[in-house]
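# A look at the structure
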Amino acid sequence: LPQRTQVVCDLLAPPAEVAESLTGAAAVVHLAGHNEVVAASDPERALRETVVMAESVRDAARAAGVRRVVYVSTVHVYGELLSPGRRLVEWLPAKPVSPYAEARWRCEELLREADDLEVVVLRLSNAVGAPADPTVDRWTLVASDLCRQAVLHGRMVLRSTGQQWRDFIALEDACRLVTGAVDPAVAPGTYNLASGRSATVRSLAELVQERVEARTGVRPVLEAPTPTGPPDPSYTIDVQALATAGLRAQISLQDAVDEIVEHCAKHEHILRSLT
């Protein structure tokens, strides 16, 4: 975004207080909510507070006269439909199975019901890219975790065979497409925010091996159970709706991994102090 002026507000405060922070805004991009780690450890709090925050943003937008709200949800609202061979399109029913996905689904619903607002819901897949700062506590994300392990320890550990499928999108692409969705030319509605390409976690780990070796000259070791057979057929997240609006992912997974590897190498001393 062209400006980085930060106004701190508490989304659990009364909507009138939140509305003050929206003075002069043309649109709201709502990203806040408890992540999957908090949702797994304290599901009741995560569900309650995530929904309250979305309600607060909705009511504050109304009070501040801001009509357009872009909400970043998750493809995990599809839940059990993220199954082998499936193609995920936006009109399929949501079937969340985790507290994190359930919270995001409820936020989608309450925002879509606001007929007086222009609501764009973006269902994000698995973003891959360096955090804004090494102290941001999101190193549990699989690509970030693998890169950090490889740079700090020279090895990566997978608890599974890594044959599960994921759709990985570069974080830079995700940011660009979220920003693009602010444009009134993008019709209100629900869109998948993904690359449209599936890859296994194991192939991601092998890519991390290659990119760390390319940078350091040393190939990290991959420790994972040996697959007993080929992976199931991949699922595919359909991205045509957003592409029709002129918004499509462009950055390769390799470039996104390189960004994390470079970040880990640059901030290695900080990351070691955090472990």
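Preceding this paragraph is the structure being described.
Okay, so let's go over this structure. On a predicted model such as this, the values are computed, not experimentally measured, just so you know. (Residues numbered from 1 in each chain as written. Predicted model: local features only at pLDDT ≥ 70, side-chain atom pairs only at ≥ 80, totals over all residues. Heavy atoms only, no water.)

### A closer look at the environment of Pro14
Convention followed: Only runs of H or I of at least four residues qualify as helices and only runs of E of at least two qualify as strands under DSSP, and these elements are numbered from the N terminus.
Relative to the helices and strands, Pro14 resides in the segment before helix H1 (15-21). Measuring from C-alpha to C-alpha, the distance between Pro14 and Asp59 comes to 9.3 Å, with 45 residues separating the pair along the chain.

### Considerations on the sheet that holds strand E1 (residues 27-30)
Stated precisely, the cut-off is as follows: At least two bridges found by DSSP between two strands are what make those strands a pair. Each axis is a line fitted through C-alpha atoms, and for a helix only the stretch in contact is used; angles between axes span 0 to 180 degrees, taken between their N-to-C directions. Throughout, a residue-residue contact means that at least one pair of heavy atoms, one from each residue, lies within 4.5 Å.
In spatial order, the strands read E1-E2-E4-E8; together these four strands make up an open sheet with parallel pairing. Of all strands in the sheet, those bounded by a partner on one side alone are E1 and strand E8 (189-193). Taking the axes of each pair of neighbouring strands and ignoring which way they run, one obtains an average angle of 20 degrees across the sheet. Helix-sheet contacts for helix H4 (residues 99-112) involve strand E2 (68-74), strand E4 (118-124) and E8, and the interaxial angle to E2 is about 160 degrees.

### Comments concerning the pattern of salt bridges
Pairing between side chains of opposite charge can happen when the charged atoms of each approach one another. This is how the line gets drawn: We count a salt bridge whenever a side-chain nitrogen from Lys or Arg sits within 4 Å of a carboxyl oxygen from Asp or Glu. Accessibility here uses a 1.4 Å probe with only protein chains present; expressed as a share of the type maximum, an area under 20% marks a residue as buried, one over 50% as exposed, and anything in between as partly exposed.
If you walk through the whole model with that rule in mind, you get 19 salt bridges. Two residues, Glu118 and Arg68, come together in a salt bridge whose shortest N-O distance is 2.9 Å. A residue pair is termed long-range when its members are at least 10 positions apart, and Glu118 in strand E4 and Arg68 in strand E2 qualify at 50 residues. The class of Glu118 is partly exposed, set by a relative accessible area of 25%. Close ionic contact of Arg155 with Glu223 constitutes a salt bridge, the shortest N to O distance being 3.2 Å. Taken as a pair, Arg155 in strand E6 (residues 155-157) and Glu223 in strand E10 (residues 221-223) lie far apart in primary sequence, 68 residues in all. The class of Arg155 is partly exposed, set by a relative accessible area of 39%. In this structure, a network of salt bridges that share partners links the residues Arg58, Asp59, Arg62 and Asp116.

### A word on the packing of aromatic side chains
Where two aromatic rings form a pair, the distance of their centres and the angle of their planes describe that pair. For clarity, the threshold we go by: The pairing test for Phe, Tyr and Trp rings, Trp by its six-membered ring, is centres within 6.5 Å, and the orientation test on the planes gives stacked under 30 degrees, edge-to-face over 60, and tilted for anything in between. Here, over-ring charges are defined by two tests on the NZ atom of lysine or the CZ atom of arginine: distance to the ring centre within 6 Å, and angle to the ring normal within 35 degrees.
This structure, assessed with the given rule, holds zero aromatic pairs. The ring of Tyr78 carries the charged tip of Arg123 above its face, separated from the ring centre by 5.0 Å.

### Some points on helix H3 (residues 43-64)
Our working rule: For a helix, the expected span equals 1.5 Å multiplied by the residue count minus one.
Helix length check: H3 (22 residues) gives 31 Å between terminal C-alpha atoms against 32 Å at 1.5 Å per residue, within 8%. All buried positions along H3 are accounted for by Ala46, Glu49, Thr50, Val51, Met53, Ala54, Ser56, Val57, Arg58, Ala60 and Ala61. Looking at the packing, one finds that the buried side of H3 touches H1, E1, helix H2 (36-41), E2 and H4. Immediately beyond the C-terminal end of H3, within one or two residues, lies Gly65, with a positive phi of roughly 75 degrees.

### Some thoughts on the environment of Gln6
Here Gln6 shows up in the segment before H1. Look at Gln6 and you get exposed, because its relative accessible area is 67%. C-alpha separation for the pair Gln6 and Val29, spaced 23 residues apart in sequence, amounts to 14 Å.

### Things to note about the sheet that holds strand E7 (residues 165-170)
Read from one edge of the open sheet, three strands run E5-E7-E9, paired in mixed fashion. Every other strand in the sheet has two partners, leaving strand E5 (126-128) and strand E9 (198-200) as the edge strands with one partner each. Strand-to-strand twist in this sheet, taken as the mean axis angle between neighbours without regard to direction, amounts to 55 degrees. With three bridges joining them, E7 and E9 adopt antiparallel strand pairing.

### Remarks on the pairing of E4
Burial of E4 is extensive: six of the seven residues sit out of reach of the surface. Here E2 runs beside E4; their pairing, made up of seven bridges, is parallel. When the bridges of E4 are listed, Val72 appears paired with Leu122. Across five bridges, E4 lies against E8 in parallel orientation. Residue Arg123 lies in a different strand from E8, and its bridge partner there is Asn192.

### Observations concerning the nonpolar core
How we decide: Joining through side-chain atoms within 4.5 Å is the link that ties buried Ala, Val, Leu, Ile, Met, Phe, Trp, Tyr and Cys residues into a set, and such a set is a nonpolar core.
With 25 residues, the main nonpolar core has Val128, Leu146, Cys147, Val208, Val257, Ile260 and Cys264 as its most contacted residues. For this core, the elements supplying multiple residues, two or more each, are helix H5 (142-153), E7, helix H7 (201-216) and helix H9 (253-266). Not counting residues within four places of it along the chain, the set of residues in contact with Cys264 comprises Trp139, Cys147, Arg148, Val151 and Leu271. Judged by nonpolar contacts, the second largest core, of 21 residues, contains Leu11, Leu22, Ala54 and Leu110.

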